[in-house]
Amino acid sequence: MGERCCAVLRVLVLQAAWALAGGQVRYSVPEEAKAGTVVGRLAQDLGLEAGEAEARRLRLVAQGRRASVEVSGASGALLVSSRLDREELCGKSAPCALRLEVLLERPLRVFHVQLEVTDINDNAPIFPAARKNLSIAEFTTLPGSRFPLEGASDADIGANAQLSYTLSPSEHFSLDLQKSGERNIEPELVLTKSLDRETIPVHRLVLTATDGGRPSLTGTMELLISVLDANDNAPHFNQSVYKVQLPENATEGTLVTRVNATDPDEGINSEVTYALTNFIPPSGRDVISINPKTGEIHLTATLDYEEVSVFDFRIEVRDQGIPPLSGHCKLELEVLDVNDNAPEVWVTSLSVPVPEDASVGTVVALLSVSDRDSGANGRVRCWVWPAAPFGLEATFAGSYSLVLREALDRERVSEYEVEVRAEDGGAPALGARRGLRVPVSDVNDNAPLFAQAVYTVLARENNAAGAELARLWARDPDEAGNGRVSYSVWEGAAGGVGAAAGSGWRAASSYVSVDAESGRVWALQPLDYEELQVLQFEVRAVDAGEPPLCGNATVQLFVLDENDNAPALLPPAGSAPEAGAVAAEAASSSSSSSFVGPVSGSGTLWAWAAWGAPAGQVVAKIRAVDADSGYNAWLRYELWEPRAKGPFRVGLYSGEVSTARPLDEADGARHTLLIVVRDHGEPARSATATLSVSLLEANEAALAAGSSASSSGSRSAVGVDVGGAAASAATNVWLVVAICAVSSLFLLALVLYGASRWAPRAAVLSGPGPTTLVCASEVGSWSYSQRHSRSLCVADGAAKSDLMVFSPNFPPPPPGAAPKDTQPEPSALLHTVSASSFVSSALSHPPSG
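What counts as what
- Residues numbered from 1 in each chain as written.
- Predicted model: local features only at pLDDT ≥ 70, side-chain atom pairs only at ≥ 80, totals over all residues.
- Heavy atoms only, no water.
- Helix = DSSP H or I, 4+ residues; strand = E, 2+ residues; numbered from the N terminus.
- Buried < 20%, exposed > 50% of the residue type's maximum accessible area, 1.4 Å probe, protein only.
- Contact = heavy atoms within 4.5 Å.
- Areas by Shrake-Rupley, 256 points an atom, 1.4 Å probe, with all protein chains shown as cover.
- Pairing = 2+ DSSP bridges.
- Axes fitted to C-alpha atoms, helices over the stretch in contact; angles between N-to-C directions.
- Phe/Tyr/Trp six-rings, centres within 6.5 Å; stacked < 30°, edge-to-face > 60°.
- Salt bridge = Lys/Arg side-chain N within 4 Å of Asp/Glu carboxyl O.

(A) Highlighting the overall build of the protein. Each helix and strand counted, the protein has 10 helices and 49 strands in total. Across the 849 residues in the protein, those meeting the buried criterion constitute 43%. Restricting the contact set of the protein to residue pairs at least 6 apart, pairs at least 24 apart contribute 70%. As displayed, the protein has an accessible area near 42900 Å², and 54% of this comes from carbon and sulfur atoms.

(B) How the structure looks around the sheet that holds strand E9 (residues 146–148). Here we have three strands laid out as an open sheet, ordered E9-E12-E11, and antiparallel in their pairing. Edge positions in the open sheet fall to E9 and strand E11 (173–180), since each of these has one partner strand only. Between one strand axis and the next, the sheet turns by 35° as a mean value, whatever way the strands run. Sheet analysis places E9 next to strand E12 (residues 184–191), joined by three bridges and oriented antiparallel. Across the sheet, the residue bridging to Pro148 is Glu188, located in E12.

(C) The pairing of strand E13 (residues 202–210), seen in detail. Inspection of the sheet shows strand E10 (residues 164–167) paired to E13 by four bridges, in the antiparallel sense. Considered in E13, the bridge of Leu167 is made with Leu207. Where E13 lies against strand E14 (residues 218–228), nine bridges are found, and the strand directions are antiparallel. In the sheet register, Leu207 faces E14, and the bridge partner there is Met221.

(D) Summary view of the packing of aromatic side chains. Tallied over the entire structure, the rule returns 10 aromatic pairs. Ring centres of Phe237 and Tyr242 lie 6.4 Å apart, and the angle between their planes is 80°; this geometry places the pair in the edge-to-face category. The burial state of Phe237 is the same as that of Tyr242; both residues are buried. When the centroid spacing of 5.1 Å and the interplanar angle of 15° are considered together, the rings of Trp634 and Tyr653 count as stacked. Placement of the pair is Trp634 in the loop between strand E44 (624–625) and strand E45 (636–641) and Tyr653 in the loop between strand E46 (648–650) and strand E47 (656–659), with a sequence separation of 19 residues. For the pair Trp634 and Tyr653, one class covers both residues: buried. Through a chain of ring-to-ring contacts, the aromatic side chains of Phe237, Tyr242 and Tyr274 assemble into a single cluster.

(E) A look at the pattern of salt bridges. Within this structure, the stated rule accounts for 23 salt bridges. For Glu316, the salt bridge goes to Arg318, with nearest N and O atoms at 3.1 Å. Under the relative-accessibility criterion, Glu316 is labelled buried at 15%. Judged by its relative accessible area of 25%, Arg318 falls in the partly exposed class.

(F) Quick look at the sheet that holds strand E23 (residues 326–336). On the basis of which strands lie adjacent, the open sheet formed by four strands has the order E16-E23-E22-E19 and mixed pairing. Edge strands, defined here as strands with exactly one partner in the open sheet, are strand E16 (241–247) and strand E19 (272–280). Here the average twist between neighbouring strands, direction ignored, is 25°. With seven bridges joining them, E19 and strand E22 (residues 310–319) adopt antiparallel strand pairing. Of the residues in E22, the one forming a bridge with Ala275 is Glu316.

Encoded structure:
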């Protein structure tokens, strides 16, 4: 009796436990368990006595698919009857629970049993393909370029399906893992070093995927990378990520989106084709297709939210160049459930326009959002599009504030079209949109800006007062008074002869003026190159805002030279005052155009030459200077009279008067030469000089030179001297001295002649001290020339050397303009040598015959 009471009590306890558990028994078994494995003692857990399970026919009720488990009739235990594969039974769903019904007769009762099949690491990662072919252009593909790779898939779940990736060692490539949400890790191949096809044409790498099981399983994919020569521009998408939401009841053929990529190249290199590459999950390969020409993406299969809620695709665009270049973007397709009520959005307050200096956090509008649905379908989320520069902040349930999240700039965007979007929590979600127009008001936050920091202006001299020199313009992107610009001149510096010396510093405003409204630069007075060559000043542009803002630009005004100065003859170096007067009188005969005819007067220059002087002997040198510059100051010398071929000639650019042939008695005792000095300007200007050359015996010439040197130590070395009566008186004195001193002079001449024969033939400057080699070219620049150098020897104790060089910076003459005996560079160089040097030169070159 006591045992029966205990059995009844046990049954009551089991029934109470069964009631508390909801009438359901739960078991767990790992997949791939062997047949016959005991899952659980079902009869005992149901409270049956020994043998009662077989007597009451405890069994499983079939539910349409094989359960892979059975109930042992003898023991009442739940056993594994066939192979259990969790991936086959439940796919990626977790947990994998099988619902079983157990039938017990006499009396008839039905029990529910839940069998959970747990996962084991029985599936290795699998890549979509065993080999992945990539083509990468050399050099044009820069280090840091990324190439998405297709990730592996693992049929397991949980930690057994968590994959990690490794790449075989390579100095050119590395692997970067991108986390796609919280679901997958996408491997990307990163170029770390530029490729060289001529060095390594093909790279072979191995990508290994390892799951998180214990022990872990791996899968590999070979990466075959071909290095190609490519065009220089790869196509690129206008968006890196395309996000699309589609309801799950979208029909096949529905346009998902249209991707667009552009290639800045031309011709075939700009023609692109589209292709889908990566699919996550792999079943997405059959969901969409892309038109390779237009980039339109359409559905090719029905969507199932319960199966896959989000698809991630990689889209590749490739041009038709040789080799082709590619670009990539991501497409995220979100599958939505459907409900029947959309949210509603109202604007309760709008504060516009918004000043562009409004601080971050300024409230622009107040909104109210509601949805007539309830539960998840009535829970509404709101956002603003575009995401910048505005955002939404929730104040309390159903109310939002549209606030400023970023600083505004009216000059960049003067008005925003903002769209507030609301979406409920239904399946699929429904949304509502409300557009807002938000204008931005201007503040004076931009200073005027010139197009150039430095303006270079060229102006010819002698321009008319009031002439327009330049026009400046400064841009102010502000509007109304904030963008209205006025101009003014800041003081600057004038550079030139007149600015540097003489009149002192002059303000730029005395030369130029700027129109306050138009920015035109006017000349206040005619410009003179000889006075002013460079004028640099600043122009300030000020807007009418409050406070006003300003910008500056530097103007460099270069004055261009005009041929407005005629050549001026210079007196011989060290000449007497009367010689200077003669030169000045000769210079007064210059004209503003080409020489018309010779001018005669008392302004005659004198020179002496010895009978029998060889050809090329320098007799005199005409010196002149032009106040202009460049070609306008490049001087040339011409022998105007006599027109016939005479015994003398003039160096075209040196001004040296020399013998054209050896002098003999048939040439006459005196020759008058009319020499014209012209510049190269347009029109050319000129000056004339008259030179009288007296022919004397060698002894007389030497005595004349010595007498001239003793009477006036500053006379010219080439014999350029005063004329008229002074020359005749000097000649008589020289003849008397010559007769009295002929014997001593003859001996002195022999001594000097012998010394010049055996002494080194080097030209020295006059004066005590070591000898120095000095050579002057025909155009006046210091250079060594075997052709034009001369030996100028002077006696010790000579007091002075009048050798002068003027070297203005002139441009070279046009090709072919200079005769063969001239240098290619222009010059107006005028120089003379002392009388003692002339004597030494005459003695060192005795007449032949």
